[in-house]
Amino acid sequence: MIVDTGAYVISLVQVFIAFIIRDFLIPLFVWNKHLKGRTWGYRFWFCVITQAALQINLVLLLGILNICNRWTVIGSNLVVYLLIIWNYSDKKGLSRIKSFVGSLWSAYKEEMLFRYIWQSLTDWLKKMYRSISSWTIWEHFKQHWLEMILLAGIIIYNGWFFTHNVMHYHSYQASDIPVHQSWIYELEQGTLFPDGIYPFGMHAMIYFIRVIFGYNLREILLYAGSYQFIILILGVYFLAKEIFTGKYTPIAVILITSLMLNQGRYAASLPQEAGMFAVV
C-alpha cells in the first residue's frame, strides 16, 4: 500500500535526531572535559561505545532487579550522568546554584527580576555563541569542504536507500522485524527474557529511545537499521583515515563498502549484520 512519502521523511528525521541525541549529544555534553582536544575518531567511538555499554547494561540490571520501566530508566540515567558531570567538575556547582538563587531573590526584592533574568539569559547566549564559534570543526570544514560534501552525500545515499522500501510500502517485507518488535515490547512490559531469550543490545538501545522520546515502537524499528549502518559506515571511514595517507582514499573506501553490500537484504529488513556496530 502506497503511503505519504513526506510523512515518512518527517518520521525518519525525528527518529534519527533521537538516535543522535542518544549516541552523541548526551555523551559529548557529559564527558565534555574528557573529550576536549581528542581526535574526531576518538570522540566518535567513545560516544558510541560508552553509550551502548551504559544503556545495555543499565537495562539488563534494572530488568534483573525486576524494576525496569520508563521512570527507573530515566532516573538511573540522570543519576549516572550527574555523577559523571560532578566527577569532571570543579565541585563548585552547588555554590554557583546558591549564588544564582541569591541573586534572583535580591533582584526580586528590588523589583528587577525580569531585567535580571533577561540579562542573564542574554549573557549565557553570548557565551554559548562564542563557545560554538571557537569549535575547531568549523576550521576543519573550511579546509576539507569537498571531502565533507562527499561524506555527507554517501551518508544521505545510505540513509535514503535503506529506508527506500519503507518510504513506499506501509508494511514490513519478508523479515524478522516482527520478532524483534515483540521482544522489545516484552521488555517494555517488564519481561526481560521473552521466550528464554535475552534482548540483544540493539533491543535495549531501541528501548531507550522508546521510553525517553515516546515514539511508536514500530516507527523506531523501521529506521533503526538504516541508522545502524550509517554508524558502521562512519566507523569504517574513521578507520580508513588512520590507515591510508591519501586525502580522499577513506571516501573511496566507504563508497565501495556501500556499493558492495547485499542491498536487497538491508533494504528489506533490519540489518542485524550492522546491529553490533560498536563491537565491529
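Residues numbered from 1 in each chain as written. Predicted model: local features only at pLDDT ≥ 70, side-chain atom pairs only at ≥ 80, totals over all residues. Heavy atoms only, no water.

## Considering the overall build of the protein chain
Looking only at helices and strands, one finds 14 helices and 0 strands in the protein chain. Taken from N to C terminus, the helices and strands of the protein chain fall in the order α-α-α-α-α-α-α-α-α-α-α-α-α-α. Here the protein chain holds 280 residues, and 36% of them are scored as buried. Considering only intrachain contacts with a sequence separation of at least 6, the fraction spanning at least 24 residues in the protein chain is 70%. Accessible surface for the protein chain amounts to roughly 16,400 Å². Of this, 68% is attributable to carbon and sulfur atoms. (Helix = DSSP H or I, 4+ residues; strand = E, 2+ residues; numbered from the N terminus. Buried < 20%, exposed > 50% of the residue type's maximum accessible area, 1.4 Å probe, protein only. Contact = heavy atoms within 4.5 Å. Areas by Shrake-Rupley, 256 points an atom, 1.4 Å probe, with all protein chains shown as cover.)

## Observations concerning the side chain of His34
Among the secondary structure elements, His34 is positioned in helix H2 (residues 32-35). Engagement of the side chain of His34 in a polar contact is seen with the side chain of Tyr42, the distance being 3.0 Å. Aside from chain neighbours lying at most four places away, what touches His34 is Tyr42, Phe46 and Tyr88. (Polar contact = N/O pair within 3.5 Å; in protein donor to acceptor, adjacent residues only side chain to side chain.)

## Quick word on helix H3 (residues 40-64)
For H3, with 25 residues, the first-to-last C-alpha span of 36 Å sits near the 36 Å given by 1.5 Å per residue. Of the residues one or two after H3, Asn66 is the one with positive phi, at around 60°. (Expected span 1.5 Å × (residues − 1).)

## Concerning the nonpolar core
Residues Phe19, Ile206 and Tyr207 are the most contacted members of the largest nonpolar core, which totals 54 residues. For this core, the elements supplying multiple residues, two or more each, are helix H1 (5-30), H3, helix H4 (70-88), helix H8 (145-161), helix H10 (177-188), helix H11 (201-213), helix H12 (217-243) and helix H13 (249-260). (Core = buried A, V, L, I, M, F, W, Y, C linked by side-chain atoms within 4.5 Å.)

## Some words on the confidence of the model for the protein chain
Residue-level pLDDT values for the protein chain average 81, and 83% of them are 70 or greater. Predicted confidence in the protein chain is weakest over helix H14 (residues 263-268), with a mean pLDDT of 56, and strongest over H4, with 91. (pLDDT = per-residue confidence, 0-100.)

## A closer look at the packing of aromatic side chains
All told, the structure shown has 10 aromatic pairs when counted by the stated rule. Judged by centre distance (5.8 Å) and plane angle (75°), the ring pair of Phe16 and Tyr227 falls under edge-to-face. One end of the pair, Phe16, is in helix H1; the other, Tyr227, is in helix H12, and 211 residues separate them in sequence. Looking at Tyr227, the relative accessible area reads 4%, which means it is buried. Ring pairing ties together the aromatic residues Phe24, Phe44, Trp45, Tyr237 and Phe238, which thus form one cluster. The ring of Trp71 carries the charged tip of Arg70 above its face, separated from the ring centre by 5.8 Å. (Phe/Tyr/Trp six-rings, centres within 6.5 Å; stacked < 30°, edge-to-face > 60°. Lys NZ or Arg CZ within 6 Å of the ring centre and 35° of its normal.)

## Topic: H10
The end-to-end C-alpha distance of H10, which contains 12 residues, comes to 16 Å, matching closely the 16 Å that a straight helix rising 1.5 Å per residue would cover. Those residues of H10 that sit buried are Ile177, His180, Trp183, Ile184 and Leu187. Each buried residue of H10 lies within a common arc of 125° when the element is viewed along its axis, so the set occupies one face. Where H10 is buried, its residues contact H3, H11 and H12. Where H10 terminates, the next one or two residues include Gly190, which has phi positive at roughly 95°. (Arc of directions from axis to C-beta.)

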